[in-house]
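Observations on the three-dimensional arrangement
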Amino acid sequence: MVERTLIRGGHVLSQDDAIGEIANCDVLITDGVITDVGVDLAGGGSIDAEVIDATGTIVLPGFVDSHRHTWQAAIRGCLPCCTLDGYLGEVIARIGPAYRPDDVHASNLLGALEALNAGITTLLDWSHANNTPEHADAGIHALQESGIRAVYAYGPPAAGDYWGFSPHPHPLDARRVREQYFATDDQLLTFALALRGPGMCTPEVVDHDWALARQLDARITVHVGQRVTGFKTEMVAELHRAGLLGADTTYVHCNDTTDEEWKMIAGSGGTISLSPYVELLMGHGYPPYGKALAYGLRPSLSVDTVTSVPGDMFTQMRTALVAERALSAGDDPDIPFAPALTHRDILRAATIDGAAACGLDHRTGSLTPGKDADIVLLRADQINTFPVVDPVATVVVCADTSNIDTVLVRGTVRKRNGALTADVSGAIARGIQAGDRVQAAIAELDLTS
């Protein structure tokens, strides 16, 4: 039986250059796929479809978070003003090893629902709490349960000896996970490897891990160029010398990436993920949005970690916009301030450019016929969004999570009339239990150490 949904009468921000922005526009969905975008698709009459009234809303592609450590949702806000050094020592080396598989499941479910609630329909789960194979299974099962579109980026265990010239190769359990859960690429969950890179592990391990990724036909996501005390390695240059750069790789942060390395990334066809709020907060360095654009790269945006950062895309969009415009101001007050970055660039970063960084721009990131219906309806008639002078500005500058009215992922409604369709109270209860248990385990460790 064919299932059809008509989103009727919204202001469409398609993020497709051929379609553009259309007021009082409809979007027709057939079996989870966008089949038409235009004005009055019902021809002034009725249509054989479920109708979602989009009057007073902005209709746009779901946001794409290209890098989030979703397993940390149960310890949300534990490090609101930390440094990167402090985060690595506390969360990765100390808290992460205390996680059980059930804790990962509770956190991933909570984090994925949080993302959906905020209009994020796709996230890349940079999963580096895979302390056992059961931890990986739990994280995947939670993402499946949530109904979000996700790239599951299988990472290493949360343990200090896996970071900093580590001799430990990437877990070979990744082969099992690839075969067991990702036999096809047409499902909501797709597969990637979250790798550590030069300096974080030995050259031999780097060669091993990149070879594993290519054997498994997995996208690669790797942190590079962030400032860590006592650690100075040009990671991109080392990967280049090893012949490992490729269009299958997303480089996260890039705050201290050199000009030569930017050329290498651009020449290889790689993509970029920036986490502007956490980069400024923890001292990674300034978000290099302008640098990326200067080398022909289109950055995507990501939350990174809710231990220190709000879990929505509005925070990232505004931080990216303001940080880059501030950086473009010169020291000479007699030279007019002439920043190039605009709110329209930022919305693309949060949608279609994010999809490209996840290898999913053929499937999501714009309201294009033939793509999956990952769609958000944002209320533009509320106290903080009305009147709408510039609908892109309404989304990027004015709106927040409270304005997300409806969320669809591949045509399935995951949020309706401002409320998630999932068992939110159950997910919160499980998240609380996980957080309490992890904190108790850490306290016991402190007492016995």
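In what follows, the structure referred to is the one given above.
Keep in mind the model is a prediction, meaning the values are calculated, not measured. (Residues numbered from 1 in each chain as written. Predicted model: local features only at pLDDT ≥ 70, side-chain atom pairs only at ≥ 80, totals over all residues. Heavy atoms only, no water.)

Considerations on the nonpolar core
Applied cut-off: In plain words, nonpolar cores are sets of buried Ala, Val, Leu, Ile, Met, Phe, Trp, Tyr and Cys residues tied together by side-chain atoms within 4.5 Å. For the exposure calls, accessible area comes from a 1.4 Å probe over protein chains only, and a residue counts as buried if that area is under 20% of its type's maximum, exposed if over 50%, partly exposed in between. Here a strand is any run of E in DSSP of at least two residues, a helix any run of H or I of at least four, and the numbering for each starts at the N terminus. By definition, residues are in contact when any of their heavy atoms lie within 4.5 Å.
The biggest cluster of nonpolar side chains holds 120 residues, and the ones touching the most others in it are F63, Y251, M317 and V395. Ranked by residue count, the leading element in this core is helix α2 (residues 101-117), at eight residues. Excluding anything up to four places from it in sequence, M317 contacts F63, L301, I346, L347, A350, V395 and V396. In terms of nonpolar packing, the next biggest core, distinct from the first, is built from 16 residues, V12, A54, A373 and I375 among them.

Here's the deal with the environment of P198
Note on placement: P198 falls in the loop between β9 (189-195) and α5 (203-215). Sequence separation between P198 and E50 is 148 residues; the distance between their C-alpha atoms is 52 Å. The contacts of P198, once residues within four sequence positions are left out, are V206, F231, T233, M235, E238 and L239.

Notes on the side chain of R68
Worth spelling out the cut-off: Polar contact is the term for a pair of N or O atoms within 3.5 Å; when the atoms are in protein, one must be able to donate a hydrogen and the other to accept it, and sequence-neighboring residues count only if both atoms are side-chain atoms.
Of note, R68 is situated in strand β6 (residues 63-68). Taking relative accessible area as the criterion, R68 reaches 2% and is therefore assigned buried. A polar side-chain atom of R68 sits 2.9 Å from the main-chain carbonyl oxygen of G311. For R68, the residues in contact, after removing those within four places along its chain, are G111, E114, A115, I120, L123, L124, D125, W126, V303, D304, V306 and G311.

So, helix α1 (residues 84-95)
The criterion, for reference: It is the directions from the helix axis to the C-beta atoms whose arc is reported.
Restricting attention to buried positions, one finds in α1 the residues L84, Y87, V91, I92 and I95. Projected down its long axis, α1 shows its buried positions confined to an angular sector of 120°, all on one face.

Let's talk about the pattern of salt bridges
Test applied: Salt bridge, as applied in this entry: a Lys or Arg side-chain nitrogen positioned within 4 Å of an Asp or Glu carboxyl oxygen.
In this structure the tally under the stated criterion is 26 salt bridges. Overlapping salt bridges, with partners in common, bring together D65, R68, R76 and E114 in one network.

A word on helix α11 (residues 343-350)
Counting buried residues in α11 gives six out of eight residues, a clear majority hidden from the surface. For α11, the complete set of buried residues consists of H343, D345, I346, L347, A349 and A350.

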